[in-house]
Amino acid sequence: MKLGIVGLPNVGKSTLFNSLTKAGALAANYPFATIDPNVGVVPVPDKRLDELTKMYDSAKTTPAVIEFVDIAGLVKGASKGEGLGNQFLANIRETDAIVHVVRCFEDGNIVHVDGSIDPIRDIETINLELIFADMEVLDRRLAKQKKAAFNNKDIAKEVAMLERLHSFLEEGKLAKNFELKDDDEEAIFKELNLLTAKPVIFAANVSDQDLANDGADNEYVAKVREYAEKENCGVFVICAEIEAEISELDDDEKALFLEDLGIQSSGLDKLISASYSLLGLISYLTAGPTESRAWTITKGTKAPQAAGKIHSDFERGFIKAEVVSYDDLMNCGSIAGAKEKGLVRMEGKEYVVQDGDVVLFRFNV
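Residues numbered from 1 in each chain as written. Predicted model: local features only at pLDDT ≥ 70, side-chain atom pairs only at ≥ 80, totals over all residues. Heavy atoms only, no water.

**Some points on the overall build of the protein chain**
Spelled out, the test is: Numbering of helices and strands starts at the N terminus; helices are DSSP runs of H or I of at least 4 residues and strands are runs of E of at least 2. Using a 1.4 Å probe on the protein chains alone, a residue whose accessible area is under 20% of its type maximum counts as buried, one over 50% counts as exposed, and one in between counts as partly exposed. What makes two residues a contact is simply this: any of their non-hydrogen atoms within 4.5 Å. All accessible areas in this document rest on Shrake-Rupley with a 1.4 Å probe, and a residue is counted as covered only by the protein chains that are shown.
If you tally the helices and strands in the protein chain, you get 15 helices and twelve strands. Taking all 365 residues of the protein chain together, 49% fall into the buried category. When contacts within the protein chain are restricted to residue pairs at least 6 apart in sequence, those whose partners lie at least 24 apart make up 69%. A total accessible area of about 18,000 Å² is found for the protein chain, and carbon and sulfur atoms account for 48% of it.

This is the structure we're talking about:
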């Protein structure tokens, strides 16, 4: 999974990125401190893997990972080259979802690029730049396809769809809300890889005082939550400064620190939970003496396709999947114990893999 972190300058975006990835991206109190897109790969915390590693005495533990791309602060006119321009927008096109950091705190020492705190205005500023960038993509595609549309009904149909979509974006609407008429339109739409078609998770950045109650008394957070619900987006509350402090601690110290603050989960945990939920992702597990590992798949994935995540040969030569739920395995204390109780099942090609399934694939190529 690859997430692009965006936001206006000085909203806490790079501070959050630093704390999530410990990648040391430059964070400074002026616009464009992030000159190049910074990339950090973060393991997805999963206590189930630790337990499987102990049970199987695995030589290696491999968690699922999330790749974060920190995009430089966008400003009005970014799509036209303002600030550091639309060179950064291209980096977002390769991501699965956008994490949009929104400032929901007052601090006279940290300047806001527009002079005041207004999260909905900030969201709409970024949205507009993404819409403009998408319209440029459509303009280029239309210029090319219109020439070929005279003698080709399929291309003429595509042009009609692109023009409809262009008009939709011109009204300030996001591509993800565009209605597609058939499978052909859906295929074209996916190929366009539009920025405003991507799922969005809002990270409402609050002061440390607002973190303990999850921003319940923060009027800015309330506005972001209302907007997110209306637009079917994810949202979670973080304090980037606290995250920066947490990132310097080991696991035991981190747990104590969170407990002292009255917080259940770190920002990274919240973001992972929001990402998996929004993108419809789950993890299945494999375990053995060599390695215990988590694999990320989409909900509804059948066994052969889940096997293909490990290697294409597994999918091509799929025979059966030996499956036991993680909870059943732990309750029985061993795979042998689970088999004795009849909790290990042999599943075929139509089996839909569930979150927490511990799977051994049988295949032949």
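**A look at the pattern of salt bridges**
We count it as follows: Any Lys or Arg side-chain nitrogen found within 4 Å of a carboxyl oxygen on Asp or Glu counts as a salt bridge.
Overall, the coordinates contain 23 salt bridges when judged by the stated rule. In this structure, lysine 302 and glutamate 350 form a salt bridge, with 2.5 Å as the shortest nitrogen-oxygen distance. Of this pair, lysine 302 sits in the loop between β9 (292-298) and α12 (303-310) while glutamate 350 sits in the loop between β11 (345-347) and β12 (357-363); the two residues are 48 residues apart in sequence, bridging distant segments of the chain. The exposure class of lysine 302 is partly exposed, given its relative accessible area of 31%. Salt bridges here are not isolated pairs; linked through shared partners, they connect Asp46, Arg48 and Asp355.

**Things to note about a nonpolar patch on the surface**
The following threshold applies: Surface patches are defined over residues having more than 30% relative accessible area and no salt bridge, joining like charges when they lie within 9 Å and nonpolar side chains (Val, Leu, Ile, Met, Phe, Trp, Tyr) when within 5 Å.
Together, Val39, Val41 and Val65 give the surface a local cluster of nonpolar side chains, amounting to about 250 Å² of exposed area. Position of valine 65 among the secondary structure elements: in strand β4 (residues 65-70).

**Overview of unusual backbone geometry**
At aspartate 57, a position not held by glycine, the phi torsion is positive, near 50°. As for its position among the elements, aspartate 57 is in the loop between α2 (47-56) and β3 (61-62). Even without being a glycine, asparagine 232 presents a positive backbone phi close to 60°. In this fold, asparagine 232 is placed in the loop between α8 (219-230) and β7 (234-238). Since its relative accessible area comes to 64%, asparagine 232 is described here as exposed.

**A short note on the pairing of strand β1 (residues 2-6)**
Rules: The criterion for strand pairing is that DSSP finds at least two bridges linking the strands in question.
Of all five residues in β1, four are buried; the element is thus mostly enclosed. Sheet analysis places β1 next to strand β5 (residues 97-103), joined by four bridges and oriented parallel. Bridging across to β5, leucine 3 finds its partner in alanine 97.

**Describing the environment of isoleucine 126**
In this structure, isoleucine 126 sits in helix α4 (residues 119-148). C-alpha of isoleucine 126 to C-alpha of leucine 8: the two residues are 118 residues apart in sequence and 7.3 Å apart in space.

**Overview of the pairing of β5**
In terms of residue burial, β5 counts as a mostly covered element, since seven of its seven residues are buried. Residues Ala97, Val99, Val101 and Arg103 point to one face of β5 and Ile98, His100 and Val102 to the other, with burial holding for every one of them. Bridge count for β5 against strand β6 (residues 200-205) is six bridges, and the pairing is parallel. Directly across from histidine 100, in β6, lies its bridge partner phenylalanine 202.

**Some points on the sheet that holds β6**
To be explicit about the condition: Axes, fitted as lines to C-alpha atoms, cover a helix only where it is in contact. Angles between the N-to-C directions of the axes lie from 0 to 180 degrees.
Strands sit in the order β2-β4-β1-β5-β6-β7 across an open sheet of six strands; the sheet is mixed. Looking at the sheet topology across the chains shown, the edges are occupied by β2 (38-43) and β7. On average, each strand axis in the sheet is tilted by 25° relative to the strand beside it, whichever way the strands run.

**Observations concerning the environment of valine 206**
Locating valine 206 in the fold gives a position in the loop between β6 and α7 (208-211). Leaving out residues up to four positions away in the same chain, valine 206 has contacts with Cys104, Phe105, Leu211, Asn218, Val221, Val237, Ile238 and Cys239.

**Re a negative patch on the surface**
As a reminder of what qualifies: Neither His nor the chain ends is counted toward charge; the positive residues are Lys and Arg and the negative residues Asp and Glu. Working definition for charges: the position is that of NZ of Lys, CZ of Arg, CG of Asp or CD of Glu.
There is a patch of like negative charges on the surface, built from Asp50, Asp250, Asp251, Asp252 and Glu253. For aspartate 252, the location among the structural elements is in helix α10 (residues 251-261). Residue classification places aspartate 252 among the exposed residues on the basis of a relative accessible area of 63%.

**Comments concerning the nonpolar core**
The tendency in soluble globular proteins is for nonpolar side chains to be buried side by side. Quick reminder of the rule: Think of a nonpolar core as a cluster: buried Ala, Val, Leu, Ile, Met, Phe, Trp, Tyr and Cys residues, connected wherever their side-chain atoms sit within 4.5 Å.
Membership of the largest hydrophobic core comes to 69 residues, with the highest contact counts inside it found for Phe68, Cys104, Phe202 and Leu271. The next biggest cluster of nonpolar side chains, apart from the first, holds 20 residues, and it includes Leu162, Leu165, Leu169 and Phe189.

**Observations concerning the packing of α4 against helix α5 (residues 153-170)**
Packed helices, taken two at a time, are described by the angle between their axes plus the distance between the axes. As a reminder, the rule being used: Any angle that is under 35 degrees is reported as roughly parallel, and any over 145 degrees as roughly antiparallel; angles of 65 to 115 degrees are reported as roughly perpendicular and all others as oblique. By definition, any crossing whose near helix is turned counterclockwise from its far helix by less than a right angle is left-handed, and any crossing with a clockwise turn is right-handed. Each residue gets one label: Ala, Val, Leu, Ile, Met, Phe, Trp, Tyr, Cys and Pro are nonpolar, Asp, Glu, Lys and Arg are charged, and the others, such as Gly, are polar.
Relative to each other, α4 and α5 sit at 155°, their axes nearing to 10 Å. With respect to α5, the axis of α4 lies roughly antiparallel. For the pair α4 and α5, the crossing hand works out as left-handed. Counted together, Ile131, Asp134, Met135, Leu138, Asp139, Arg141, Leu142, Gln145, Lys146 and Ala148 of α4 and Ile155, Glu158, Val159, Leu162, Glu163, Leu165, His166, Leu169 and Glu170 of α5 form the full contact between these two elements. Residues of the contact of α4 with α5, tallied by class, amount to ten nonpolar, two polar and seven charged.

Nothing here speaks to function; it is all geometry.
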